[in-house]
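A look at the structure
Listed below are the residues making up each chain.
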Amino acid sequence: MLSERRLQVLRAIVQDYVGTEEPVGSKALTERHALGVSPATVRNDMAALEEEGFIAQPHTSAGRIPTDKGYRLFVDKLAGVKPMTGPERRAIQNFLEGAVDLDDVVARTVRLLAQLTRQVAVVQYPSLTRSTVRHVELLSLAPARLMLVLITDTGRVEQRMVDCPAPFGETAVADLRARLNSRVAGRRFTDVPTLVEDLPDAFEAEDRGTVSTVLSTLLETLVEENEERLMIGGTANLTRFGHDFPLTIRPVLEALEEQVVLLKLLGEAKDAGVTVRIGHENAHEGLNSTSVVSVGYGSGGEAVAKLGVVGPTRMDYPGTMGAVRAVARYVGQILAES
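What comes next is a walk through the structure. (Residues numbered from 1 in each chain as written. Predicted model: local features only at pLDDT ≥ 70, side-chain atom pairs only at ≥ 80, totals over all residues. Heavy atoms only, no water.)

1. Things to note about the environment of lysine 27
Tracing the sequence through the fold places lysine 27 in helix H2 (residues 26-32). Expressed as a C-alpha distance, the spacing of lysine 27 and serine 38, which sit 11 residues apart in the sequence, is 9.0 Å. (Helix = DSSP H or I, 4+ residues; strand = E, 2+ residues; numbered from the N terminus.)

2. Re the packing of aromatic side chains
Under the defined criterion, the tally for this structure stands at one aromatic pair. Between tyrosine 71 and tyrosine 317, the aromatic rings sit 5.6 Å apart at their centres with planes inclined by 50 degrees, giving tilted as the arrangement. Of this pair, tyrosine 71 sits in helix H4 (residues 68-78) while tyrosine 317 sits in helix H12 (residues 317-337), and the two are 246 residues apart along the sequence. For tyrosine 317, a relative accessible area of 0% gives the class buried. (Phe/Tyr/Trp six-rings, centres within 6.5 Å; stacked < 30°, edge-to-face > 60°. Buried < 20%, exposed > 50% of the residue type's maximum accessible area, 1.4 Å probe, protein only.)

3. Observations regarding the side chain of asparagine 288
Residue placement: asparagine 288 occurs in the loop between strand E8 (275-278) and strand E9 (290-297). Once you skip the residues sitting within four places of it in the chain, asparagine 288 turns out to touch Asp68, Gly279, His280 and Asn282. (Contact = heavy atoms within 4.5 Å.)

4. Examining the sheet that holds strand E6 (residues 157-163)
Pairing is antiparallel across the open sheet formed by three strands, whose spatial order is E4-E5-E6. Across the chains shown, the open sheet's two edge strands, defined by having one partner strand only, are strand E4 (133-142) and E6. The average undirected angle you get between the axes of adjacent strands in this sheet is 20 degrees. Two strands pair when backbone bridges link them, and strand E5 (residues 145-152) and E6 are joined in this way by seven bridges, in the antiparallel orientation. Across the sheet, residue leucine 150 finds its bridge partner in E6, namely glutamate 158. In this fold helix H7 (residues 170-184) packs onto E4 and E5, with an angle of close to 170 degrees to the strand it touches most, E4. (Pairing = 2+ DSSP bridges. Axes fitted to C-alpha atoms, helices over the stretch in contact; angles between N-to-C directions.)

5. A few points about the packing of H4 against H12
Here H4 crosses H12 at 55 degrees, and the two axes come no closer than 11 Å. Taken together, H4 and H12 sit at an angle that is classed as oblique. You can see that H4 and H12 cross each other, and the crossing is right-handed. Side by side, H4 and H12 meet where Tyr71, Phe74 and Val75 of the first sit next to Tyr317, Pro318 and Met321 of the second. Taken together, the residues of the contact of H4 with H12 break down into six nonpolar, no polar and no charged. (Parallel < 35°, antiparallel > 145°, perpendicular 65-115°, else oblique. Left-handed = near helix turned anticlockwise from the far one by under 90°. Nonpolar A, V, L, I, M, F, W, Y, C, P; charged D, E, K, R; others polar.)

6. So, a positive patch on the surface
A contiguous patch of positive charge, built from Arg89, Arg90, Arg325 and Arg329, is present on the exposed surface. Looking at the element boundaries, arginine 89 is found in helix H5 (residues 86-97). For arginine 89, a relative accessible area of 35% puts it in the partly exposed group. (Patch = residues over 30% accessible without salt bridge, like charges linked within 9 Å, V, L, I, M, F, W, Y side chains within 5 Å. Areas by Shrake-Rupley, 256 points an atom, 1.4 Å probe, with all protein chains shown as cover. Salt bridge = Lys/Arg side-chain N within 4 Å of Asp/Glu carboxyl O. Lys, Arg positive; Asp, Glu negative; His and termini not counted. Charge placed at Lys NZ, Arg CZ, Asp CG, Glu CD.)

7. Brief notes about the sheet that holds strand E10 (residues 305-312)
With respect to topology, five strands assemble into an open sheet ordered E7-E3-E10-E9-E8, the strand pairing being antiparallel. Each edge of the open sheet is held by one strand with a lone partner, namely strand E7 (230-233) and E8. Across the sheet, the mean angle from the axis of one strand to that of its neighbour is 15 degrees, orientation sign disregarded. Across four bridges, the pairing between strand E3 (residues 120-124) and E7 is antiparallel. Paired with alanine 121 across the two strands is glycine 233, which belongs to E7. With respect to the sheet, H12 is in contact with E8, E9 and E10, its orientation differing from that of E9 by roughly 25 degrees.

8. Some remarks on the pattern of salt bridges
Two side chains bearing opposite charge may form a pair once their charged atoms approach each other closely. All told, the structure shown has 15 salt bridges when counted by the stated rule. Note that arginine 32 and aspartate 16 form a salt bridge whose closest N and O atoms lie 2.7 Å from each other. Residue arginine 32 is located in helix H2, and its partner aspartate 16 is located in helix H1 (residues 4-20); the two are separated by 16 residues in the primary sequence. What makes arginine 32 partly exposed here is its relative accessible area of 48%.

9. Re unusual backbone geometry
Not every positive phi belongs to a glycine, and glutamate 21 is a case in point at roughly 65 degrees. Tracing the chain through its elements places glutamate 21 in the loop between H1 and H2. Residue classification places glutamate 21 among the partly exposed positions, given a relative accessible area of 36%. A positive phi angle, near 55 degrees, is found at arginine 118, a position not held by glycine. With respect to the helices and strands, the residue arginine 118 is situated in the loop between helix H6 (102-117) and E3.

The following block contains the structure:
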């Protein structure tokens, strides 16, 4: 374990390097921070931190910079989450409240996160496997043609046309709509198949074929929408950090184009708390020089998806963690109210 003083020295090195982009020397540290010890003592502490792999010397006769291991200790032990100011919180709320539908919520969230953190923002659409049914609407378009509209608790709306095997009257449509909603409204998507399996038996023999067709369309919709979607924004922000990427920015940009990589980066939605992956903790090689800060969001107490940012390891972790957490909270509120 590092002594309290060495932890303070490490904290000062991280803060200075993030703030100035310059390797940090012992003289500058003692001038900028009230460490209460001489530059010689700070030099000894820095030598110990370097030996243990928390800081490194980028080139001869320069100061030191934090390593992935140093940033990890900083995030776990030394960095609090920086709360947003009142005006910042109001700005977030006002911007997100203008959204007209789920696509707009996601698009605004991406733009907001990219602006607040000046990093690349990634927002996953709410997963239907973790969603519940708010309402199922059935509309008669022709004697043997219906429109099925599925509305989820997170505001997703899915529409499907249903060609019925026989004419299906308005009374039967109203009856099916009422019976369907009484069984599935407020229930998890994953529960729906068992909840409706015996529904055709409640109808006259001549209507059962149509009821079965409607149900199979509903179940297909649940399966189809199971694939994960996400939106990304602020990629241009990476160009401001050219010198933070050892060789070139291209591997980072290529990794960001792969949806599977991004979904893995964000992690499981059930891990709702703020998670920080630093440098080589990211399995994808192209992202070894980046850090990812992500958090779950959702309506009610449960996370239905993740959002986060990707940037260089030289990142303002307390500020980024605060922004990501605040935005997730407001998105959750908007989904709950929508």
